[in-house]
Amino acid sequence: MIETLLGKAAYALCTALHKSGPAVLGREIAGIVEKHAIGAAAAGLGAAWIPGVGGTAAVVASAGFIWSMYYRINSKIGVPFSKNIVKSVATAICTNLAATAISSIVVSSLLAFVPGLGTLPGTLIMTAVSFSLVWSSGLVYLKVLTRFAEANVDLNSVSEEDLKAMAQDVLSKEDIKGMMKQAKQQFKAAKDRGEIKKDGDNVKPMEDA
């Protein structure tokens, strides 16, 4: 796991925060992201893909998993952001990533209907999009926190506006298409392992409170 983009980002964050045992803690944080991505994908199995409103549907379906994921990451490493701030930042990042995720997943999925070019059924488009949105949103958030940590910024002083501005800067400089490519690879690996099951023992979003 440590060799993936996600594993490397989690390790970099723990190192920047001067956490002891950064490799072990990094794997735990990466695990939080992966479990929420799988939970969102499993929840997406029952969601309908509606042409024209797919972006909104994907964001709505994934938002709860994303802010829950952020909150659990914060709890793991002692970040003080409130639930309201986390929800707002999660929605902003997810919305920003949605267009790229949808175009990337849908195009590759449509190739499944051309003989010899793919096997992903159209019914799994929402599942793949949900997984990729949560996984990529987790990766971006880890990079945002790392930026603050590397700059020795006191996280207690970071506002919602600061977080959103840093997220926008990270998004503007990252290879989002490359990020989505690895998200799709991780989705396929989880699917092949049989981890994405509608009635499986998946992580659920926290209570919206």
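Every value quoted in this text rests on a predicted model; they were computed, and no experiment measured them.

Caption draft 1: Structural context of the overall build of the protein. Counting its secondary structure elements, the protein contains 7 helices and 0 strands. Element order for the protein, N to C, with α for helix and β for strand: α-α-α-α-α-α-α. Taking all 209 residues of the protein together, the buried fraction comes to 47%. A separation threshold of at least 6 residues defines the contact pool for the protein, and within that pool the share at least 24 residues apart is 80%. Counting only carbon and sulfur atoms, one obtains 56% of the accessible surface of the protein, whose full area is about 9,800 Å².

Caption draft 2: Inspection of helix H1 (residues 5-16) at higher detail. Taking 1.5 Å of rise per residue, the 12 residues of H1 would be expected to cover 16 Å, and the 16 Å separating its terminal C-alpha atoms lies within 8% of that figure. Phi for His18, located one or two positions after H1, is positive at around 60 degrees.

Caption draft 3: Quick look at the nonpolar core. Of all hydrophobic cores here, the largest spans 62 residues; its most connected members are Ile73, Phe81 and Trp135. Every element with two or more residues in this core is listed here: H1, helix H2 (22-44), helix H3 (54-77), helix H4 (83-110), helix H5 (125-150), helix H6 (160-173) and helix H7 (176-192). Among the elements that line this core, the one with the most residues is H5, at 14 residues. Setting aside residues no more than four positions away along its own chain, Phe81 makes contact with Tyr71, Asn74, Val86, Tyr141, Leu145, Leu155, Val158 and Leu163.

Caption draft 4: Quick look at the confidence of the model for the protein. Summary statistics for the protein give a mean pLDDT of 83 and a share of 80% for residues scoring 70 or more. Averaged pLDDT values over the elements of the protein bottom out at 78 in H4 and peak at 95 in H1. Scored below 50 in pLDDT, residues 110-120 shows 9 contacts in the model against residues more than four places distant or in partner chains.

Caption draft 5: Region of interest: the environment of Ala10. For Ala10, the position within the fold is in helix H1. The class of Ala10 is buried, set by a relative accessible area of 0%. Ala10 sits 21 residues away from Gly31 along the chain, and the two C-alpha atoms are 9.6 Å apart. In this view, Ala10 contacts Gly26, Ile29, Ala30 and Leu142; residues no more than four positions away in its chain are not counted.

Caption draft 6: A look at the pattern of salt bridges. Scanning all chains against the criterion turns up 7 salt bridges. A salt bridge links Arg147 to Asp169; the nearest nitrogen and oxygen atoms lie 2.7 Å apart. Note that Arg147 is positioned in helix H5 and Asp169 in helix H6, a separation of 22 residues in sequence. Taking the relative accessible area as the measure of exposure, Arg147 reaches 26% and is therefore partly exposed. In this structure Asp169 comes out as partly exposed when scored by relative accessible area, which is 26%.

Caption draft 7: Expanded view of the side chain of Ser88. Looking at the secondary structure, you find Ser88 in helix H4. Ignoring sequence-local partners within four residues, the contact set of Ser88 consists of Glu160 and Lys164.

Caption draft 8: Local environment of the environment of Val33. Relative to the assigned elements, Val33 resides in helix H2. Judged by relative accessible area, which is 0%, Val33 ranks as buried. Considered as a pair, Val33 and Leu139 are 106 residues apart in the sequence and their alpha carbons are 8.0 Å apart. With residues near it in sequence (within four places) discarded, Val33 still touches Leu6, Met69, Ile73, Val134, Trp135 and Gly138.

Caption draft 9: The environment of Lys143, seen in detail. In this fold, Lys143 is placed in helix H5. Residue class for Lys143 comes out partly exposed when judged on its relative accessible area of 25%. Residues Lys143 and Ala167 lie 24 residues apart in sequence; the distance between their C-alpha atoms is 8.4 Å. Every residue in contact with Lys143, bar those within four places of it in the chain, is listed here: Val170 and Glu174.

Thresholds applied
Residues numbered from 1 in each chain as written. Predicted model: local features only at pLDDT ≥ 70, side-chain atom pairs only at ≥ 80, totals over all residues. Heavy atoms only, no water. Helix = DSSP H or I, 4+ residues; strand = E, 2+ residues; numbered from the N terminus. Buried < 20%, exposed > 50% of the residue type's maximum accessible area, 1.4 Å probe, protein only. Contact = heavy atoms within 4.5 Å. Areas by Shrake-Rupley, 256 points an atom, 1.4 Å probe, with all protein chains shown as cover. Expected span 1.5 Å × (residues − 1). Core = buried A, V, L, I, M, F, W, Y, C linked by side-chain atoms within 4.5 Å. pLDDT = per-residue confidence, 0-100. Salt bridge = Lys/Arg side-chain N within 4 Å of Asp/Glu carboxyl O.

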